[in-house]
Amino acid sequence: MPTLFVSFGTRPEAIKMAPVVLELHRREHFRVVTCLTGQHREMLDQVIQGFALPVDHDLDVMRAAQSLTHITTAVLSGLEPLLALEAPDMVLVHGDTTTTFATGLAAFYQQIPVAHVEAGLRTDTLYNPYPEEANRRLTDRLAEVLYAPTPAAREALLAEGAAPEGICVTGNTVIDALLATAASPAPAWEPRLAAALDRRGPKVLVTVHRRESWGVPMQAIARAIKSVCADHPQTTFLFPIHLNPVVRETFRGILGDVPGVVFAEPLPYDAFVHLMKAVDLVITDSGGIQEEAPTLGKPVLVMRDTTERPEGIAAGTARLVGTDTTAIHTALAELLTDRTAYEAMANAVNPYGDGRAAVRIADHLEHLFGLRPEPPVPFAPVG
Ligand code: UD1
Ligand code: UDP
């Protein structure tokens, strides 16, 4: 039985790898070894518990306010003996975090083939997002199997010279996780969120964490929220805030005493999905939320200068607004006051997946290892 070693370390990787790990376990054709790098701790453990994911190893690398060098070196040295012990036939990684790249490199050093889930996303701007654009380019170079979520991601890989036979278009596994979770009953809200949702007026869900926004851009985002609260006092911003201390200090410093802003701790995935369903719109710099909100028909303002996820923008559900205070204020105020502008963006579209990405990945792996005659039919977005 072939051994697959699946490594991930942060909240979004866990959410997006959960459908893959569960599907591979269900089929019983592989020995599946799950390794957490522990780049995140509480936010990772929340997802592990939520999806009841089996865990075989945990490198537990997280330190407070950690550097990229710490994550990279701790993952590399932690994985060296584990990969030698488990001797996998293939290592699976996800996305663009430093865990992703460091795991790919650790596997490469032991000449173990790498499969990269969510391959081919690009902004073509090396430092934006930082360090994710470099992480995904480097990981794709190390990988033998490239699971591109969309046709556009496949095109980006081909344009860089990737071998077509190594690429499989699967849809994004986050849509598998999202559709399953959104179809389940909403969990009970914690009292602060329940009270916030009961207020009159529009509700805006906020998440921000990107490294390239630390400092001035993040302060500008916070000021935009503050000024919209002043101009539109009936609006409530719900803000489950990332555990990164840099992010917390910035937002609590500028928004801590603003009555329209309700902070919460990072939410379990099921609560977060149902909160996305409950609000009117989303403002974020997250990658995964740019994929989820269009599926739920929620307008998204993307507070970044670039995006590797152009499909939501092409579909009209997402807008790239940058990190300038005035630009964010203007875009938000328009959606809060202009019903036509709001309705134009509130489209439920599925450019990122159909809920069957993990099935396609498992089918492809079975085909690759000679356990299944047919390769999967690639994902093709409707429309
Ligand atoms: C990381 C990824 C980013 C991804 C994001 C998802 C890198 C370099 N960055 O960014 O690509 O979009 O995760 O959230 O790979 N912390 C905790 N508990 C947690 C998680 C974080 O206390 O459960 C704090 C710690 O002080 C930690 C800090 O946040 O040092 C930063 O974590 P880190 O993983 O380095 O960066 P993120 O901004 O979370
Ligand atoms: N998310 C969550 N709880 C929260 C905030 C976000 O479960 O309080 C989920 C969200 O639905 C998405 C993922 O976490 O699937 C996004 O993670 P994050 O923004 O940390 O990382 P990114 O997507 O930018 O890499």
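Presented here is a report on the structure given in the accompanying data block. (Residues numbered from 1 in each chain as written. Chains lettered and ligands numbered in written order. Predicted model: local features only at pLDDT ≥ 70, side-chain atom pairs only at ≥ 80, totals over all residues. Heavy atoms only, no water.)

### Overview of the sheet that holds strand S12 (residues 300–302)
Across a sheet, strands are paired by hydrogen bonds formed along the backbone, either parallel or antiparallel in direction. Which entries qualify depends on this criterion: Pairing between two strands is assigned when DSSP locates at least 2 bridges connecting them. Secondary structure follows DSSP: runs of H or I at least 4 residues long count as helices, runs of E at least 2 residues long count as strands, and numbering of each begins at the N terminus. Orientation is described by axes fitted as lines to C-alpha atoms, over the contacting stretch for helices, and by angles from 0 to 180 degrees between their N-to-C directions.
Strand order in this open sheet of six strands is S10-S9-S8-S11-S12-S13, and the pairing throughout is parallel. The open sheet has two edge strands with one neighbour each: strand S10 (261–264) and strand S13 (318–320). Each adjacent strand pair in this sheet contributes to an overall mean axis angle of 20°, direction not counted. Here strand S8 (residues 203–207) runs beside strand S9 (residues 236–240); their pairing, made up of three bridges, is parallel. Among the inter-strand pairings, Lys203 is bridged to a residue of S9, identified as Thr236.

### Brief notes about the site of ligand 1
Convention followed: The near set for a molecule or strand comprises every residue that places at least one heavy atom within 4 Å of it. Definition of a polar contact: a pair of N or O atoms within 3.5 Å, with one able to donate and the other able to accept a hydrogen when the atoms are protein atoms, and with sequence-neighbouring residues admitted only if both atoms are side-chain atoms. The protein chains shown are the only cover counted for residues, whose accessible areas, like all others here, come from Shrake-Rupley with a 1.4 Å probe.
Gln39, His40, Glu42, Arg63 and Glu132 are the nearest of the 25 residues found near ligand 1. Ala65 places a polar main-chain atom, nitrogen or oxygen, 2.9 Å from an oxygen atom of ligand 1. Glu132 places a side-chain nitrogen or oxygen 2.4 Å from an oxygen atom of ligand 1. Alone, ligand 1 offers 740 Å² of accessible surface; in the complex the protein occludes 95% of this. Elements that contribute at least two residues to the shell around ligand 1 include exactly helix H2 (42–51) and helix H3 (68–86).

### A closer look at the nonpolar core
Using the following cut-off: For this analysis, a nonpolar core means a set of buried residues of the types Ala, Val, Leu, Ile, Met, Phe, Trp, Tyr and Cys, connected via side-chain atoms within 4.5 Å. We call a residue buried when its accessible area falls under 20% of the maximum for its residue type, exposed when it is over 50%, and partly exposed in between, using a 1.4 Å probe and counting protein chains only. Throughout, a contact is declared for two residues whenever any of their heavy atoms are within 4.5 Å.
Counting residues in each nonpolar core, the largest one holds 56 residues, and the members touching the most others are Phe8, Leu24, Leu92 and Leu365. The element contributing the most residues to this core is helix H1 (residues 11–27), with seven residues. Residues contacting Leu365, with those up to four places away along its chain left out, are Leu4, Leu24, Phe30, Met90, Leu92 and Tyr147. Ranked by size, the runner-up nonpolar core spans 32 residues in total, among them Val204, Met218, Ala331 and Tyr342.

### Re the layout of surface pockets
Threshold: Here a cavity means grid points, on a 1 Å grid over the protein atoms only, where a 1.4 Å probe fits yet cannot get out; a pocket means an open set of points with protein on both sides within 12 Å along at least five of seven lines; lining residues are those with an atom within 4 Å of a point. Grid points are joined across faces, edges and corners, and a volume is the space filled by probe spheres set on the points. We call Asp, Glu, Lys and Arg charged. Ala, Val, Leu, Ile, Met, Phe, Trp, Tyr, Cys and Pro are nonpolar, and the rest, Gly among them, are polar.
Within this model, the second largest pocket holds a volume of roughly 230 Å³. Lining the second largest pocket are 14 residues; nearest its centre among them are Gly50, Phe51, Ala177, Thr181 and Tyr269. In terms of residue class, the lining of the second largest pocket is made up of seven nonpolar, five polar and two charged.

### Some points on the site of ligand 2
Neighbouring residues of ligand 2: 16 residues in total, closest Arg11, His209, Leu267, Gly288 and Glu292. At a separation of 3.1 Å, an oxygen atom of ligand 2 approaches a polar side-chain atom of Arg210. The backbone of Leu267 places a nitrogen or oxygen atom 2.8 Å from an oxygen atom of ligand 2. Secondary structure elements with two or more residues in the shell around ligand 2: H1, helix H11 (269–278) and helix H12 (287–295). The dominant element in the shell around ligand 2, judged by the number of residues it contributes, is H12, at four residues.

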